[in-house]
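Survey of secondary and tertiary structure
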Amino acid sequence: MRKRKAAVWMATLTFALCVPQALPVVPATIVAEAHSGRTDSNGGHRDNKNKSGLGSYHYHCGGHPAHLHTNGICPYDSNAGAAPAAAPAQTIPENISMVFDARYYADHNTDLYEAYGYDEEQLLNHFLTSGMKEGRVACDSFNVSVYRENNSDLVNVYGDDLPAYYEHYMSCGHSEGRICH
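All of the points below concern the structure found in this document. In this convention, every chain numbers its residues from 1, walking through the sequence in written order. In keeping with the predicted nature of the model, local features appear solely for residues at pLDDT of at least 70, side-chain atom pairs appear and are counted solely at 80 or more, and the whole-chain, interface and lining totals rest on all residues. Computation of side-chain values: all heavy atoms of the structure, hydrogens and water removed.

As for the overall build of the protein
Applicable threshold: To qualify as a helix, a DSSP run of H or I must reach at least 4 residues; to qualify as a strand, a run of E must reach at least 2; elements of each kind are numbered from the N terminus. Residues are treated as being in contact if the distance between any of their heavy atoms lies within 4.5 Å. For every accessible area listed, the method is Shrake-Rupley and the probe measures 1.4 Å; residues are considered covered only by the protein chains on display.
For the protein, the count of helices and strands is seven helices and two strands. Along the chain direction, N to C, the helices and strands of the protein fall in the order α-β-β-α-α-α-α-α-α. Summarising the internal contacts of the protein: among those between residues at least 6 apart in sequence, 48% fall at separations of at least 24. Total accessible area on the protein stands at roughly 12,300 Å², and carbon and sulfur atoms take up 53% of it.

Let's talk about a negative patch on the surface
The condition that has to hold: Patches in this entry comprise residues that are over 30% relatively accessible and not in a salt bridge; like charges within 9 Å are linked, as are nonpolar side chains (Val, Leu, Ile, Met, Phe, Trp, Tyr) within 5 Å. Whenever a carboxyl oxygen of Asp or Glu lies within 4 Å of a side-chain nitrogen of Lys or Arg, that contact is scored as a salt bridge. As used throughout, the charge tally considers Lys and Arg to be positive and Asp and Glu to be negative, leaving His and the chain termini uncounted. Note on charges: their place is set at NZ of Lys, CZ of Arg, CG of Asp or CD of Glu.
A cluster of acidic residues, D101, D107, D119, E120, E121 and D140, forms a negative patch at the surface. Summarising the element assignment, D107 is placed in helix α2 (residues 102-107).

A word on the side chain of N109
Going by this rule: Relative accessible area decides the class of each residue, using a 1.4 Å probe on protein chains only: under 20% of the type maximum gives buried, over 50% gives exposed, and in between gives partly exposed.
Take N109: it is sitting in the loop between α2 and α3 (110-116). On the basis of relative accessibility, which here comes to 11%, the residue N109 falls in the buried class. In contact with N109, not counting residues within four places along its chain, are R136 and V137.

Describing the packing of aromatic side chains
This is how the line gets drawn: Pairs were defined over the aromatic rings of Phe, Tyr and Trp, the Trp ring being its six-membered one, requiring ring centres within 6.5 Å. Orientation was assigned from the angle between planes: stacked under 30 degrees, edge-to-face over 60, tilted for the rest. A ring is scored as having a charge over it whenever the NZ atom of a lysine or the CZ atom of an arginine sits within 6 Å of its centre and within 35 degrees of its normal.
Using the criterion set out here, one finds ten aromatic pairs in the structure. An angle of 35° between the planes, with centres 4.6 Å apart, marks the rings of F142 and Y169 as tilted. Placement of the pair is F142 in the loop between α4 (120-134) and α5 (144-149) and Y169 in helix α7 (residues 162-173), with a sequence separation of 27 residues. A residue is classified by how much of its surface remains accessible, and Y169, at 5% relative accessible area, is buried. Each ring, one from Y147 and one from Y169, has its centre 5.4 Å from the other, and the planes form 80°; the classification is edge-to-face. Of this pair, Y147 sits in helix α5 while Y169 sits in helix α7, and the two are 22 residues apart along the sequence. Since its relative accessible area comes to 0%, Y147 is described here as buried. One residue, R103, lies across the ring of Y118, its end atom 3.9 Å from the ring centre.

So, the pattern of salt bridges
Opposite charge on two side chains lets them pair, provided their charged atoms get close. Applying the stated criterion across every chain yields a total of five salt bridges. In this structure, E134 engages R136 in a salt bridge whose closest nitrogen and oxygen atoms are separated by 2.5 Å. One salt bridge connects R178 with D153, and the closest N-O pair in it is separated by 2.9 Å. Here R178 is found in the segment after α7, whereas its partner D153 is found in helix α6 (residues 152-158), with 25 residues between them in sequence.

Things to note about the nonpolar core
Where a protein is soluble and globular, its nonpolar side chains tend to be buried together. Defined as follows: Only buried residues count toward a nonpolar core. Its members are Ala, Val, Leu, Ile, Met, Phe, Trp, Tyr and Cys residues joined through side-chain atoms within 4.5 Å.
I96, V99, F100, F127 and F142 are the most contacted members of the largest nonpolar core, which totals 25 residues. Where this core is concerned, the elements lending two or more residues are α2, α4, α5 and α7.

The structure is reproduced here in structure tokens:
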């Protein structure tokens, strides 16, 4: 796998250096992996620094994005003979911890605390399926209303699509130093 990546990188570099100046330069796509691929036989691995925001252990089975196995079942498993399962779990952004803290979310949303207590999985599921759409604040360092009010260029693009503001912040707004709380 490393040899293949090295070959792709070298080919991209060679092409970039050989392009005549008269032609427009097209940016090359570079594929990056989050880790070396050392997963166990179930496709899982430790994430001691919790970079994924999923806790200290998560899965990448079948090349799918980082995810959890709720009740030991992979949401991407397609066993034809198995009983119908609940809808697959929503893909969790790798850097969800930038906008979500389960304890903060429960402590600042009494309705959620009453329903889920401090159950991180249920709180995260609520945030991804409802909380973002409702514009709920899920951590002390990001407020979607403040982000929207202070970034009018995004309002022109996203309008009232609140989840898009969370996604923008996680993908590039944070690194751009945009006002968010």
